[in-house]
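Each chain, written out:
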Number of protein chains: 2
Amino acid sequence: MIHNLTRRGLLVALAIRTACGSVCPTAFAQASADDPLPSWNEGGIKRTILDFVGRVTRESGPDYVPPAERIATSDNDGTLWIEQPVYVQFQFAIDRAKALLPQKPELADKPPFKALLEGNREALAALGEKGMLEILALSHAGMTTDAFNNTVVDWLAQARDARFNRPYTSLAYQPMLELLGYLRRNGFKTFIVSGGGVEFMRVFADGTYGIPPEQVVGSSGVMKFQIESDGTPVLIKEAKVEFVDDGPGKPVGIQRFIGRRPIFAFGNSDGDLEMLQWTAGAPGARFMGLVHHTDAVREWAYDRQSHVGKLDKALDEAQAKGWTVVDMKRDWKRIFPPQDGGGSRALK
Amino acid sequence: MIHNLTRRGLLVALAIRTACGSVCPTAFAQASADDPLPSWNEGGIKRTILDFVGRVTRESGPDYVPPAERIATSDNDGTLWIEQPVYVQFQFAIDRAKALLPQKPELADKPPFKALLEGNREALAALGEKGMLEILALSHAGMTTDAFNNTVVDWLAQARDARFNRPYTSLAYQPMLELLGYLRRNGFKTFIVSGGGVEFMRVFADGTYGIPPEQVVGSSGVMKFQIESDGTPVLIKEAKVEFVDDGPGKPVGIQRFIGRRPIFAFGNSDGDLEMLQWTAGAPGARFMGLVHHTDAVREWAYDRQSHVGKLDKALDEAQAKGWTVVDMKRDWKRIFPPQDGGGSRALK
């Protein structure tokens, strides 16, 4: 599915999901009916997932859920793709703000930009997702939604992760891509529910995860509709954060945008706790999952003390309530898709 | 598709869409491959619709649109169901407020409730959709979303339109039900985009229109997540309107909730003008439609002077730009589904 952003968006989306066809490296296992989750090591976690999906799709069983109600929600940063050492969108915001500051000198005194100009990474990290959204809202005020999309498309095409030297969209987690595809093949409707900006995520969510724009729930800024002097209708971004889809905002976002309660939810940090509680808080079969980042060699290891993606209370609650906690090092055979883009084939 | 509201919601949904099976009155024409729109009279409007859908679905043609981009949005009040003499949800709000006022005497002094208690219909009508949303927000503050759903389910089950003496959900427009089904069979994803409250519409949109909760965009109030003393997570409705999805709010709602621009949009009043402008304002094949209420005998006749569903500027712009204007009296063979509920069969 290609969404209707721009021609450039289309080209990037195509570049991102290059099909390798018959010349794909055979070393890379493909999802199959025999093993829908080839990048997951055998063991309790994989069994729990397969068992859950089996139970809710077995029409004669006591846990059957009709397809329309198979709503799966997943956090994005740290759950579907990398979030260290800073959120990808934070890096985008920093790069954009630096590019825009010469044209908007009045921003230099505002707190988040001050930290940015001073190169104060600690102060920046302390701003969290809300600070990131403020930087984005302020630096993009007065821009149309279409123009903003284009900046994201351009940035994603050239930006590289410093440690892995790869485009960010290729740093999605292969096991989670397989899981999303597996859920969809079993009648689930997959949604992203993330603290990230909804307009940022929609640019790549379809090409990277197979999740179309209308199934992305995220934080948003105020927009205003107006007709330009040549008669063109536009939506202008304003300098105000409207909704923060994080922590207790996640169940609110789910109710507002989806209007149904998920039966399956995955997160990785304390910002996902309320989404998992909301998912757990109704009768019937339920799956609550957390990705625990335990692999400093292949990705990153962090939890209770991290500035980004802190996992503390949610880890305690998961352990107390028997939710599924993925140990990245133990449970994932591989972390990222192969660089030739073959990973996107698992989406089908 | 039955959504996961409550067991009572399920029962009402089933009652609403009673299947009549082989004993359906044969006098009621069913949609078929030969005639997907049997309740539309032959003529220019019907041809325009069939022609548009034909063009965007013909893969070899110049106007082809891939299925993922076939987004259709429709207003609800006055476009999909009746809105005179007052919006259905306004009647719900009045009935609810009257029931709740004895328990919440502090509301009696607030302007909308004052008009309500004084039986001042003129003042009430002048409040418009925003006033209605305020009555709802104030009268339902402190209630959980689940409890609110139940009040809507109960009310819809017993309320009757005064003129037609039928449940409101049976006063959907049969030609529009056929149109929604026809669009979906042609790969369109159908959305409601309405000034009405999103939590109100989601209760019946699936059963009445075949539009699931996650494809309903509407006005909303502030909600708050909390864990009750027994550990149950709930969403509590607060006494504040958050987003009014009407007029210039409609393109904003479309961008925020759907994230793609519609290629097909239908409305019936000035509150739909910006949605139609936004739909029209991009290249490629586009369909902009208005229902003009011209039939005082079978339904209602109103336009430029009406308090409810005023159609003035949008009618001028539609005529100037060659948008499609349905003349209800001329173009619709029948208005409502037959009372036995057979109309819902056209949804499939």
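Residues numbered from 1 in each chain as written. Chains lettered and ligands numbered in written order. Predicted model: local features only at pLDDT ≥ 70, side-chain atom pairs only at ≥ 80, totals over all residues. Heavy atoms only, no water.

As a further point, take the overall build of chain A. A tally of regular secondary structure across chain A gives 12 helices and seven strands. Counting the 348 residues in chain A, one finds 61% classified as buried. Pairs at least 24 residues apart make up 70% of the contacts formed inside chain A by residues separated by at least 6 positions. Per element, the accessible surface of chain A, about 13,500 Å² overall, is 53% carbon and sulfur. (Helix = DSSP H or I, 4+ residues; strand = E, 2+ residues; numbered from the N terminus. Buried < 20%, exposed > 50% of the residue type's maximum accessible area, 1.4 Å probe, protein only. Contact = heavy atoms within 4.5 Å. Areas by Shrake-Rupley, 256 points an atom, 1.4 Å probe, with all protein chains shown as cover.)

Here we take up the interface of chain A and chain B. Residue-level contacts link 41 residues of chain A with 41 residues of chain B. Counting each side, the surface lost to burial between chain A and chain B is near 3,700 Å², with a carbon and sulfur contribution of 53%. Taken together, the links from chain A to chain B amount to eight salt bridges. At the boundary of chain A and chain B, one finds 18 residue pairs in polar contact (both at pLDDT 80 or more). Put simply, the parts of the chain that give the side of chain A that touches chain B at least two residues each are helix H6 (145-158), strand S2 (189-197), helix H8 (198-209), strand S3 (216-227), strand S4 (233-243), helix H9 (249-258) and helix H10 (273-280) of chain A. With six residues, the top contributor of residues to the side of chain A that touches chain B is H9 of chain A. (Buried area = accessible area lost by both parts, 1.4 Å probe. Salt bridge = Lys/Arg side-chain N within 4 Å of Asp/Glu carboxyl O. Polar contact = N/O pair within 3.5 Å; in protein donor to acceptor, adjacent residues only side chain to side chain.)

Next up on the list: the packing of helix H2 (residues 44-57) of chain A against helix H7 (residues 174-185) of chain A. All names here are of chain A. Closest axis-to-axis distance for the H2/H7 pair is 11 Å, and the angle between their directions is 15 degrees. With respect to their mutual orientation, H2 and H7 come out roughly parallel. Where H2 crosses over H7, the handedness of that crossing is right-handed. Residues Ile49, Leu50 and Val53 of H2 pack against Leu179, Tyr182 and Leu183 of H7. Of the residues that constitute the contact of H2 with H7, the class distribution is six nonpolar, no polar and no charged. (Axes fitted to C-alpha atoms, helices over the stretch in contact; angles between N-to-C directions. Parallel < 35°, antiparallel > 145°, perpendicular 65-115°, else oblique. Left-handed = near helix turned anticlockwise from the far one by under 90°. Nonpolar A, V, L, I, M, F, W, Y, C, P; charged D, E, K, R; others polar.)

Next up on the list: the pairing of strand S5 (residues 264-267) of chain B. Along any regular strand the residues' side chains alternate between the sheet's two faces. All names here are of chain B. Burial along S5 is two-sided: the residues Phe264 and Phe266 and Ala265 and Gly267 are all buried. Relative to S5, strand S1 (residues 71-74) runs parallel, the two being bridged by three bridges. Across the sheet, residue Ala72 finds its bridge partner in S5, namely Phe264. The pairing of S5 with strand S6 (residues 287-292) spans four bridges and is parallel. By the bridge assignment for S6, Gly267 is matched with Leu290. After leaving S5, the chain enters helix H10 (residues 273-280) and then returns to the sheet as S6, a path that is right-handed. (Pairing = 2+ DSSP bridges. Right-handed = clockwise from strand over helix to strand, strands pointing away.)

The analysis is restricted to geometry; functional conclusions fall outside its scope.
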